[in-house]
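# Survey of secondary and tertiary structure
One letter stands for each residue in the lines below.
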Amino acid sequence: AQTVTQSQPEMSVQEAETVTLSCTYDTSENNYYLFWYKQPPSRQMILVIRQEAYKQQNATENRFSVNFQKAAKSFSLKISDSQLGDTAMYFCAFDNNDMRFGAGTRLTVKP
Amino acid sequence: NAGVTQTPKFQVLKTGQSMTLQCAQDMNHNSMYWYRQDPGMGLRLIYYSASEGTTDKGEVPNGYNVSRLNKREFSLRLESAAPSQTSVYFCASGGGGKGLAGGPQRNIQYFGAGTRLSVL
């Protein structure tokens, strides 16, 4: 079974600075999808960014970008120009017909 | 645009009681999912429905049943609640269609606001 590991239970960053959240996964599959979801205190799960494994180019969405290393099975999320509203739990997820989530990283953006 | 709507938002049950969590989506998605979220464990898939009329077990299906009532609605039932089922439950929907290796294409999932369930 696929597993997703987020090794940083908690992180903090100063407003306007850059932070990188780590995610590794274990799979024998070649084609799959990877996601980062954000869960603010409201508990709503919000999609941040998506990466298809067959695409070599790293996905970007405004201030959010990923570093996808397929051989290393690594999928980190970089948040640039951090904002107070970025404070949330961030979940990495792997999907190949069976969605698996990591345990999450609690990110706090400090003013 | 409501997206994915879950009811109720909160529920307290006694051990052995039954209840059904309701989920409806208005995005015309084929696929719908039920997850539970426990502290320190992220989300785990309970059941999913790739299309109307089909349901499949996920990672943690024991103690639950589901019904895909129609394309819009996907309910989760606890027949005899246990304290181990205390959790936050999320419903999600996605575009569906064929995906990798002929399985459901889950791509982007849109989540409801969650139901906090406590079983005493």
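Check the entry above for the structure.
This section reports on the structure supplied with the text. (Residues numbered from 1 in each chain as written. Chains lettered and ligands numbered in written order. Predicted model: local features only at pLDDT ≥ 70, side-chain atom pairs only at ≥ 80, totals over all residues. Heavy atoms only, no water.)

### As for the interface of chain A and chain B
- Across the boundary between the two partners, chain A contributes 21 residues, which contact 27 residues of chain B.
- Carbon and sulfur atoms make up 51% of the area that chain A and chain B hide from each other, which totals about 2,000 Å².
- Scanning the region where chain A abuts chain B turns up one salt bridge.
- The shortest N-O distance in the salt bridge between B:E59 and A:R100 comes to 3.6 Å.
- For the pair chain A and chain B, the interface holds five residue pairs in polar contact (both at pLDDT 80 or more).
- Looking at the side of chain A that touches chain B, the elements with two or more residues in it are β5 (33–39), β6 (46–52), β10 (88–95) and β11 (100–101) of chain A.
- Top element by residues in the side of chain A that touches chain B is β5(A). It accounts for four residues.
- Each residue belonging to the side of chain A that touches chain B can be placed in one class, and the counts come to ten nonpolar, six polar and five charged. (Contact = heavy atoms within 4.5 Å. Buried area = accessible area lost by both parts, 1.4 Å probe. Salt bridge = Lys/Arg side-chain N within 4 Å of Asp/Glu carboxyl O. Polar contact = N/O pair within 3.5 Å; in protein donor to acceptor, adjacent residues only side chain to side chain. Helix = DSSP H or I, 4+ residues; strand = E, 2+ residues; numbered from the N terminus. Nonpolar A, V, L, I, M, F, W, Y, C, P; charged D, E, K, R; others polar.)

### So, the side chain of B:H29
- Positionally, B:H29 belongs in the loop between β3 (19–25) and β4 (31–37).
- At a separation of 3.4 Å, a polar atom in the side chain of B:H29 contacts the main-chain amide nitrogen of B:G94.

### What to know about the layout of surface pockets
- In this structure, the largest pocket spans a volume of roughly 520 Å³.
- Those elements giving two or more residues to the lining of the largest pocket turn out to be β10 and β12 (105–110) of chain A together with β9 (87–94) of chain B.
- In terms of residue class, the lining of the largest pocket is built from eleven nonpolar, ten polar and four charged.
- Empty space within the second largest pocket amounts to approximately 170 Å³.
- In this structure, the second largest pocket is lined by 13 residues; those nearest its centre are A:V4, A:F101, A:G102, A:A103 and B:M41.
- Residue assignment for the lining of the second largest pocket shows that the elements contributing at least two residues are β1 (3–5) and β11 of chain A together with β5 (43–49) of chain B.
- In terms of residues, the lining of the second largest pocket owes the most to one element, β1(A), which gives three residues. (1 Å grid on protein atoms, 1.4 Å probe; cavity = no way out; pocket = protein on both sides within 12 Å on 5 of 7 lines; lining within 4 Å. Points joined across faces, edges and corners; volume = space filled by probe spheres on them.)

### Some words on the environment of B:P83
Residues and elements named next belong to chain B.
- If you trace the backbone, P83 turns up in the loop between β8 (74–78) and β9.
- C-alpha separation for the pair P83 and A24, spaced 59 residues apart in sequence, amounts to 26 Å.
- Excluding anything up to four places from it in sequence, P83 contacts T15 and V119.

### Remarks on the sheet that holds strand β1 (residues 4–7) of chain B
Residue and element names in this part refer to chain B.
- Sheet architecture is open: four strands sit in the order β1-β3-β8-β7, paired in antiparallel fashion. On the outer flanks of this sheet lie β1 and β7 (65–68), each paired with one strand and no other. For this sheet, the mean angle separating the axes of adjacent strands, direction not counted, is 15 degrees.
- With three bridges connecting them, β3 and β8 associate as antiparallel partners. Note on β8: the bridge partner recorded for T20 is R77. (Pairing = 2+ DSSP bridges. Axes fitted to C-alpha atoms, helices over the stretch in contact; angles between N-to-C directions.)

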